[in-house]
Amino acid sequence: MTGLHPAYPLRTERLDLRAHRRDDLDDLLAFHSNPDIVRYVPWPVRDRELTREALEKKLTQDRLTEEGQWLVLAIELRETGTVIGEVLLKWASEADRQGEIGYALHAGYHGKGYASEAAREMLRLGFEDLGLHRIVAVLDDRNTASAQLLERLGMRREAHHLQALWFKGEWGNEFVYALLKDEWLSGRSGSAASGQE
């Protein structure tokens, strides 16, 4: 495995997944500042300055050169050019060919299948371009919409960790979902978006 240097944008049916730009700030602020959106993600509600600081870091997260790094891409709705969310791929282990995906989406765009469309492309990227063997997703067990999305992507719930971490002032429970490369490849024909997340 030699890392990952995608040619942007990564185009899906309706979305362009691309490296962040400084002019994404207003679009990011629209969901980084929403308590309902950040409830289950590992960052606090952010004001404009905190969002700007986070964006500066994201500007350098457009490739994977060594294990432990996250690829963090803007989800741009091609029709309007609006950044409606973010999607992530972690190169967790080179030796074991393990990865992790994540995502966050502006509430105004829920229920249209955009999150699954973006996450599906990150699975493709991880398995087919980076050469991963297994990709997981870790989420708060109260986040039922996200769990349903992962199941529609063909991921299987492998674990339920009780009080696994101190998260936003309380003990949090986690679900771990996973998918193997062989499962991904065998399910390619049925991988069209079917959800309403």
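The text that follows walks through the structure, step by step, so that each part is easy to find.

1. Focus on the overall build of the protein
Point 1. Summing up its helical and strand segments, the protein has six helices and eight strands in all.
Point 2. When its helices and strands are written in sequence order, the protein yields β-β-α-α-α-β-β-β-α-β-α-β-β-α.
Point 3. A globule of 197 residues ought to have a C-alpha radius of gyration of about 16 Å, and the protein, at 16 Å, matches this closely.
Point 4. Projected onto its principal axes, the C-alpha positions of the protein cover 40 × 40 × 35 Å.
Point 5. For the protein, with 197 residues in total, the buried portion stands at 49%.
Point 6. The contacts of the protein with a sequence gap of at least 6 include a subset with a gap of at least 24, amounting to 64%.
Point 7. With the model as given, the accessible surface of the protein reaches about 9700 Å², and the carbon-plus-sulfur share is 48%.
Point 8. Charged side chains in the protein number 26 positive and 33 negative. The centres of these two groups are separated by 2 Å.

2. Concerning the sheet that holds strand E2 (residues 15–18)
Point 1. Taking strand neighbours across the sheet as the criterion, the eight strands line up as E1-E2-E3-E4-E5-E6-E8-E7 in an open arrangement whose pairing is mixed. Strand pairing shows two members of the sheet lacking a second neighbour, strand E1 (10–11) and strand E7 (156–167), which therefore form its edges.
Point 2. Both strand E5 (residues 98–105) and strand E6 (residues 134–140) contribute to a ladder of three bridges, which runs parallel. What sits directly across from Gly-99, in E6, is Ile-135.
Point 3. In this fold helix H4 (residues 114–129) packs onto E1, E2, strand E3 (70–77), strand E4 (82–93), E5, E6 and strand E8 (170–180), with an angle of close to 30 degrees to the strand it touches most, E4.

3. Observations regarding the nonpolar core
Point 1. Among the nonpolar cores identified, the biggest contains 38 residues, and Leu-17, Leu-89, Ile-101, Met-122 and Leu-150 are the most heavily contacted of them.
Point 2. Counting residues in hydrophobic clusters, the runner-up holds 11 residues, among them Leu-25, Ile-37, Val-38 and Ala-104.

4. Describing the pattern of salt bridges
Point 1. Overall, the coordinates contain 20 salt bridges when judged by the stated rule.
Point 2. Of the charged contacts, one joins Asp-16 and Arg-78 as a salt bridge, the two residues approaching to 3.0 Å between their closest N and O atoms. Residue Asp-16 is found in strand E2, and its partner Arg-78 is found in the loop between E3 and E4; the two are separated by 62 residues along the sequence.
Point 3. Among the residues examined, Asp-16 registers a relative accessible area of 8% and is labelled buried.
Point 4. Given the relative accessible area of 27%, Arg-78 is considered partly exposed.
Point 5. Here Arg-156 makes a salt bridge to Glu-158, at a shortest N to O gap of 3.0 Å.
Point 6. Take Glu-158: its relative accessible area is 38%, and that puts it in the partly exposed class.
Point 7. One continuous salt-bridge network, built from bridges that share partners, spans Arg-18, Arg-21, Asp-23, Asp-24 and Glu-76.

5. Here's the deal with the packing of aromatic side chains
Point 1. The full count for this structure, using the stated rule, is four aromatic pairs.
Point 2. An angle of 75 degrees between the planes, with centres 5.3 Å apart, marks the rings of Trp-166 and Trp-171 as edge-to-face.
Point 3. Of the residues examined, Trp-166 reaches a relative accessible area of 55% and is grouped as exposed.
Point 4. Over the face of the ring belonging to Trp-43 we find Lys-58, whose NZ or CZ atom lies 5.5 Å from the ring centre.
Point 5. For the cation-ring pair, Arg-157 lies above Phe-175, with the distance from its terminal atom to the ring centre recorded as 3.8 Å.

6. Points about the pairing of E2
Consecutive side chains of a regular strand alternate in pointing toward one face of the sheet and then the other.
Point 1. Here E2 shows no split at all, with Leu-15 and Leu-17 on one side and Asp-16 and Arg-18 on the other all buried.
Point 2. Between E1 and E2, which pair antiparallel and follow one another directly, the connecting turn spans three residues.
Point 3. By the bridge criterion, four bridges tie E2 to E3 in an arrangement that is antiparallel. Within E3, the position partnered with Asp-16 by the bridge is Glu-76.

7. Here we look at the side chain of Glu-174
Point 1. Summarising the element assignment, Glu-174 is placed in strand E8.
Point 2. Put simply, Glu-174 is tucked away with no salt bridge, and the nearest opposite charge, on Arg-142, sits 10 Å away.
Point 3. Every residue in contact with Glu-174, bar those within four places of it in the chain, is listed here: Val-138, Leu-139, Asp-141, Ala-159, His-160, His-161, Ala-164 and Leu-165.

8. Here we look at the packing of helix H1 (residues 25–32) against helix H3 (residues 48–58)
Point 1. In contact at an axis separation of 10 Å, H1 and H3 are set at 115 degrees when each is read in the N-to-C sense. Crossing angle aside, the handedness with which H1 passes H3 is right-handed. Residues Leu-25, Asp-26, Leu-28, Leu-29 and His-32 of H1 form the contact with H3, whose participating residues are Arg-48, Thr-51, Arg-52, Leu-55 and Lys-58.
Point 2. Residue classes in the contact of H1 with H3 are distributed as four nonpolar, two polar and four charged.

Definitions and limits used
- Residues numbered from 1 in each chain as written.
- Predicted model: local features only at pLDDT ≥ 70, side-chain atom pairs only at ≥ 80, totals over all residues.
- Heavy atoms only, no water.
- Helix = DSSP H or I, 4+ residues; strand = E, 2+ residues; numbered from the N terminus.
- Rg over C-alpha atoms; globule rule 2.2 N^0.38 Å.
- Buried < 20%, exposed > 50% of the residue type's maximum accessible area, 1.4 Å probe, protein only.
- Contact = heavy atoms within 4.5 Å.
- Areas by Shrake-Rupley, 256 points an atom, 1.4 Å probe, with all protein chains shown as cover.
- Lys, Arg positive; Asp, Glu negative; His and termini not counted.
- Charge placed at Lys NZ, Arg CZ, Asp CG, Glu CD.
- Pairing = 2+ DSSP bridges.
- Axes fitted to C-alpha atoms, helices over the stretch in contact; angles between N-to-C directions.
- Core = buried A, V, L, I, M, F, W, Y, C linked by side-chain atoms within 4.5 Å.
- Salt bridge = Lys/Arg side-chain N within 4 Å of Asp/Glu carboxyl O.
- Phe/Tyr/Trp six-rings, centres within 6.5 Å; stacked < 30°, edge-to-face > 60°.
- Lys NZ or Arg CZ within 6 Å of the ring centre and 35° of its normal.
- Left-handed = near helix turned anticlockwise from the far one by under 90°.
- Nonpolar A, V, L, I, M, F, W, Y, C, P; charged D, E, K, R; others polar.

The analysis is restricted to geometry; functional conclusions fall outside its scope.
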